[in-house]
Amino acid sequence: MPKSNLMTAAILLFLAGCTPQKQVLEDIQLIGVVGYDYVDGNKIQATVSVPTTEGGSDQAVLSSTTYSARSHTSKNIRQVLQAESPKPFASGRVSVIIFNEELASRGITKIIDSLQRDPSVGRNIYLAVAKGSTKDMLSKDYPVGEIVPAYLKQMIEQNMKLTFPRANFHHFNYSYYGKGSDSFMPLLDTKHGHIRIVGVALFDHSKYVDHISFEDSFIFKLMYQSFRQGSHEFKLGKDNYLTLENLSSHVNYDIYNANTNPKINITIHVRGKVNDAAGTPLYQGKTIEMIEKTIKKQTEHDAEKMVDRFQKKGIDPLGLGDRARSSARRFNFKEWNQKYPNIPVHVKANIEVTQGGIVE
Amino acid sequence: MFGKRRQKKQDRSQNQSSGQAKTQLTFEQLMEKCRASKDFVSFTKSDKHPFTISYYKSMVNPELVHKDLIPYLTSCSSLSLKELSQEIPVENIEHTSDVQTIMDSVLTGSVIVQSRPGKKDCLLIPAATAEKRQISVPETEFSVVGPKEAFIETLEVNINMVRKRLPIPELHVKEVTVGKLSKTRVVILYIDGIVNMENVNTLKQRISDIEYDHILDSTYILQMISDDQYSPFPQLINTERPDRVAAVLSEGKVAVLVDGSPSALTGPTTLVEFFSAFEDYFLSWHIASVFRMIRLFGVLFSVLSTPLYVAVLTFHYEMIPTDLLGTLIASRSGIPFPPIVEAIILELSIELLREAGARLPSKVGQTIGIVGGIVIGTAAVQAGLTSNVLLIIVALAALASFTTPVYQMSNTIRLIRFPFLIFAQFWGMLGVAICSAFILGHMLRLTSLGRPYLAPLFPLRITDLKDALFRLPFNRQSLRPMQMRPADPVRFNSQRGKQKNDIEE
């Protein structure tokens, strides 16, 4: 007993200062979204969107407001922002970080570095590139029944469940710091009073170099990961379109001779359901076969074209290099990077239409 | 130094209460002392009859004295005391000249019969009256189905209620008298052949070692014989149900009944037993198991919910689910207190309500509940003093704490919430974890009559789990709990217990 009493006394005496810092919920400003804009040279402008409440505790209304400031480093911006805020900022609830197009194409290394060092920033947050100024995007009001941070987060989240390939901060870090892959993120734009995803912003390491359209993101996702849900429109014939809803898709990579003379076969299996095919008689067995064939052809064609485009640009958002590394011993990234633009990639799609709705 | 002081005290008490006096009183001195009380009578019926009768009027049954005693004394005036004791139709008549015995029994309602005033030997005829109240419905351990008898304040009736349920000669009843002033009769019940005598001896020794002047209820005993008297956790179960006592006796436990107390103590016990209501055995086992787990969840919720609220709101805003964040910020905005003050105010007001309700007659108590719960609650939120989220949490936590079937335990649960709150305020979730570690460590060290308190869980006794966190059907309960180390561990033949002798088979 005396020993343990002594220990307790010692702990109380020497570790009295080792207590966590208090951050009472209502005494801090929870940053929901951060937007970074390019100003000039080294200077960047950051805009934060924070939820605020008006009214008493009984009928409080939640809204969001923005603060923005310019500086050279993102942490210093915090200090400048602090100067006009009633409460200190806390970055533990950041859910989306947006880079303006211009800033992204000049490289986001500095910001990423400071973000990934910050332990209070989560890894399941979303990064995005915005066309135009992020300040304008964040300071507008959107009639969606949600405050801007929640709107942006939910919008990106639900799209990643559907046709958009998954890409949060964790995935970004993996492809950013890992060899043999490049990162991508949603490309946002404000249209008709809403924010929308207009495509996939493709990065060459830290620089935004290219983008593919939102329509093509389904094809990209088919190659990138196995998933359920999502739908895509295919052209069946002249003036005849149909929508295929994905029930489950599976992708498989076969990489041959990764070290010497690489050759890649991508096999996609899609089990789907024809959703919207007005004018096409689905009850005829042959029609289904015809549809399957057409979709297969289109998918293979679009996918190969997309990969070809990546190769020409020298970017690797599908992580082919990473996949090749995992299939070969003593993998040499230098050689791979030289060969990358000319590696033959074949896409094979197996489409299976299992149903066409409840009407036979 | 302390020894001396104690010695002095003892001397003083000996001088004050004659009962402890080692110096023998003479019979005359005793009579002198007794006559100082107004309710002591001593008389000789008439000169023809030699017998002198003395008793405390308030302690004897007058009917017995008038109908069964005095007629015999007057009619058999020529007999000696020995012959008289055979004549009188009352059992357990003692013929003694020991003054100490005489004093003890006259004070518990015996009638002293002397053949002639001045003679030292006398007859002690037990004629105690026992005023008792009606057997009523259990109030703190009420059950919807099942027997509705509760113990009353009379020891004999209580023993009767147990023996009625276990009519076997192996049910032993041992009596110990404790309390210098109250001379309370404490009775230890156990089933010989099932119980482990170690438990009985521990209990008997602890009870006879009690040093106190008055023992008025079994809860006195409960606190005095607990293994760790400084623990907030009760270490014996306090029950008012004779059926529960009968059930645990047949498990190999020991029960203690105290004269004048409407509740029995049973032990050795474990923590999980405090969360099993006796009604669990009256319901089908699935339902009983689910209810038991709901109760356990209720305990955890009741202890941890407000501390977690304080911890999360003060330290870990990152942990709040996104969908709840807006609601929480909205409900907290405009409240002048930090979460801890808010939580303590609400917790204390709930305790106030409970205390006020408990001290008032039941009808007024209900009104207090309504006034407190609805009026103060809504008003506090509307006045912006507390957030409605916390109000819900505190109310639910209080509700959850009342699900514990044993009253003593539910008090403990409400109490240990406060250290958790303080730790949560200082160190957030880390503090809650530290406090849990302290409480858990304390419970690990606790014992009940020398048997581990967290038993079926630690040390893990898989066979005892059949009736711990959940309750398996009766045909799986063929073994008595290992916790008590019963002399006979088998309750019934499990093979035959599982058979179904239906006519079709």
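Residues numbered from 1 in each chain as written. Chains lettered and ligands numbered in written order. Predicted model: local features only at pLDDT ≥ 70, side-chain atom pairs only at ≥ 80, totals over all residues.

Details of the overall build of chain B
A tally of regular secondary structure across chain B gives 16 helices and twelve strands. Over its C-alpha atoms chain B spans a radius of gyration of 29 Å, topping by over 25% the 23 Å that the globule rule assigns to 505 residues. Oriented by its inertia axes, the alpha-carbon framework of chain B measures out at about 100 × 70 × 50 Å. Within chain B, the fraction of its 505 residues that count as buried is 33%. A separation of at least 24 residues holds for 64% of the contacts in chain B among residues at least 6 apart in sequence. (Helix = DSSP H or I, 4+ residues; strand = E, 2+ residues; numbered from the N terminus. Rg over C-alpha atoms; globule rule 2.2 N^0.38 Å. Buried ≥ 20, exposed ≤ 12 C-beta atoms within 10 Å, placed from the backbone. Contact = placed C-beta atoms within 7 Å.)

Quick word on the sheet that holds strand S6 (residues 96-100) of chain A
Residues and elements named next belong to chain A. The strand order S4-S3-S2-S6-S7-S8-S9-S10 describes an open sheet built from eight strands, whose pairing is mixed. Of all strands in the sheet, those bounded by a partner on one side alone are strand S4 (61-71) and strand S10 (207-213). Ignoring which end each strand starts from, the neighbouring axes of this sheet average 35° apart. Relative to S6, strand S2 (residues 33-40) runs parallel, the two sharing four bridges. Residue pairing for S6: Tyr36 is matched across the bridge by Phe99. (Pairing = 2+ DSSP bridges. Axes fitted to C-alpha atoms, helices over the stretch in contact; angles between N-to-C directions.)

Examining the sheet that holds strand S13 (residues 263-276) of chain A
All names here are of chain A. With respect to topology, four strands assemble into an open sheet ordered S11-S12-S13-S14, the strand pairing being mixed. One side of each edge strand has no neighbouring strand; the edge strands of this open sheet are strand S11 (231-237) and strand S14 (345-355). Pairs of neighbouring strands in the sheet enclose a mean axial angle of 40°, with direction left out of account. The pairing of strand S12 (residues 240-256) with S13 spans 13 bridges and is antiparallel. Counterpart to Glu245 in the pairing with S13 is Lys273.

Digging into the packing of helix H10 (residues 285-314) of chain B against helix H12 (residues 339-359) of chain B
Residue and element names in this part refer to chain B. In the contact formed by H10 and H12, the axes pass within 9 Å of each other and the chain directions differ by 165°. As summarised for this structure, H10 and H12 are arranged roughly antiparallel, according to the angle between their axes. Here H10 and H12 pass one another in a crossing that is right-handed. When H10 is examined against H12, the residues Thr306, Tyr309, Val310, Leu313 and Thr314 are found in contact with a partner set consisting of Pro339, Ile340, Ala343 and Glu347. Across the contact of H10 with H12, the residue classes tally to six nonpolar, two polar and one charged. (Parallel < 35°, antiparallel > 145°, perpendicular 65-115°, else oblique. Left-handed = near helix turned anticlockwise from the far one by under 90°. Nonpolar A, V, L, I, M, F, W, Y, C, P; charged D, E, K, R; others polar.)

Some thoughts on the domain arrangement of chain A
All names here are of chain A. When its domains are assigned, chain A resolves into domain 1 (24-214) and domain 2 (216-360). The centre of domain 1, based on its C-alpha atoms, is set 31 Å off from the matching centre of domain 2. On the side of domain 2, 23 residues touch domain 1, which itself brings 22 residues to the contact. Of all the elements in the fold, those that place two or more residues in the side of domain 1 that touches domain 2 are strand S9 (194-204) and S10. Looking at the side of domain 1 that touches domain 2, its residues break down into nine nonpolar, seven polar and six charged. (Domains from an automatic or database assignment.)

Here's the deal with the nonpolar core
Ranked by internal contacts, the top residues of the largest apolar core, which has 158 residues, are Ala128, Val129 and Ala201 of chain A together with Ile221, Ala255 and Val256 of chain B. For this core, the leading source of residues is helix H15 (residues 407-445) of chain B, giving eight residues. For Ala255 of chain B, the residues in contact, after removing those within four places along its chain, are Leu189, Val245, Val248, Leu249, Ala264, Leu265 and Thr266 of chain B. Counting residues in each nonpolar core, the second largest holds 18 residues, with Cys34, Leu69, Val106 and Val111 of chain B among its members. (Core = buried A, V, L, I, M, F, W, Y, C linked by C-beta atoms within 7 Å.)

Digging into the interface of chain A and chain B
With 19 residues of chain A at the contact, the number on the chain B side is 24 residues. Partitioned by chemical class, the residues of the side of chain A that touches chain B number nine nonpolar, six polar and four charged.

Quick look at helix H13 (residues 362-382) of chain B
All names here are of chain B. Along its 21 residues, H13 runs 29 Å from first to last C-alpha, staying within 8% of the 30 Å computed at 1.5 Å per residue. Of all 21 residues that make up H13, two are buried, and the element is exposed over most of its length. At the C-terminal side of H13, Gly384 shows a positive phi close to 75°. (Expected span 1.5 Å × (residues − 1).)

Looking at the domain arrangement of chain B
Taken as a whole, chain B is organised into domain 1 (27-126), domain 2 (155-269) and domain 3 (284-355 + 384-452). Relative to domain 3 of chain B, the C-alpha centre of domain 1 of chain B lies at a distance of 63 Å.

Some remarks on unusual backbone geometry
Most of the time, phi is negative for any residue but glycine, and the peptide bond is trans. For the bond running from Gly267 of chain B to Pro268 of chain B, omega is -5°, close enough to zero to count as cis. By the secondary structure assignment, Pro268 of chain B is in the loop between strand S10 (264-267) and H10. With an omega of 0°, the peptide bond between Phe458 of chain B and Pro459 of chain B qualifies as cis. Mapped onto the elements, Pro459 of chain B comes out in the loop between strand S12 (451-452) and helix H16 (494-498). Backbone geometry at His205 of chain A places phi at a positive 55°, although glycine is not the residue there. Positionally, His205 of chain A belongs in the loop between S9 and S10. Under the C-beta neighbour-count criterion, His205 of chain A is labelled partly exposed, with 14 such atoms within 10 Å. Of note in the backbone geometry, Lys183 of chain B takes a positive phi value of approximately 50° without being a glycine. Inspection of the secondary structure assignment puts Lys183 of chain B in the loop between strand S6 (171-178) and strand S7 (184-191).

Comments concerning the environment of Tyr224 of chain A
All names here are of chain A. On the secondary structure map, Tyr224 appears in helix H8 (residues 217-224). Along the backbone, Tyr224 and Ser213 are eleven residues apart, and their C-alpha atoms lie at a distance of 16 Å. Once you skip the residues sitting within four places of it in the chain, Tyr224 turns out to touch Pro165 and Leu318.

Observations regarding the confidence of the model for chain A
For chain A, per-residue confidence averages 88 on the pLDDT scale, and 97% of positions sit at 70 or higher. In the model of chain A, S11 of chain A stands out as the element of lowest mean pLDDT, 84, in contrast to strand S7 (residues 126-130) of chain A, which has the highest, 95. (pLDDT = per-residue confidence, 0-100.)

Some remarks on the environment of Ala264 of chain B
In this structure, Ala264 of chain B sits in strand S10. With residues near it in sequence (within four places) discarded, Ala264 of chain B still touches Phe151, Ser218, Thr239, Val245, Ala255, Val256 and Leu257 of chain B.

What about the UniProt feature "transmembrane region" (unreviewed entry) in chain B?
All names here are of chain B. Feature annotation in UniProt places "transmembrane region" (unreviewed entry) on residues 296-315, 365-383, 389-408 and 420-444, given in this structure's numbering. Secondary structure within residues 365-383 divides into 95% helix and 0% strand; the distance between the first and last C-alpha atoms comes to 25 Å. Helix makes up 100% of residues 420-444 and strand 0%, whereas the separation of the span's terminal C-alpha atoms amounts to 18 Å. (UniProt positions renumbered as here; feature names shortened; annotations may be inferred.)

Regarding the environment of Gly92 of chain A
All names here are of chain A. Looking at the secondary structure, you find Gly92 in the loop between strand S5 (89-90) and S6. A tally of 18 C-beta atoms within 10 Å means that Gly92 is categorised as partly exposed. Residues Gly92 and Ile31, spaced 61 residues apart in sequence, show a C-alpha to C-alpha distance of 7.6 Å.

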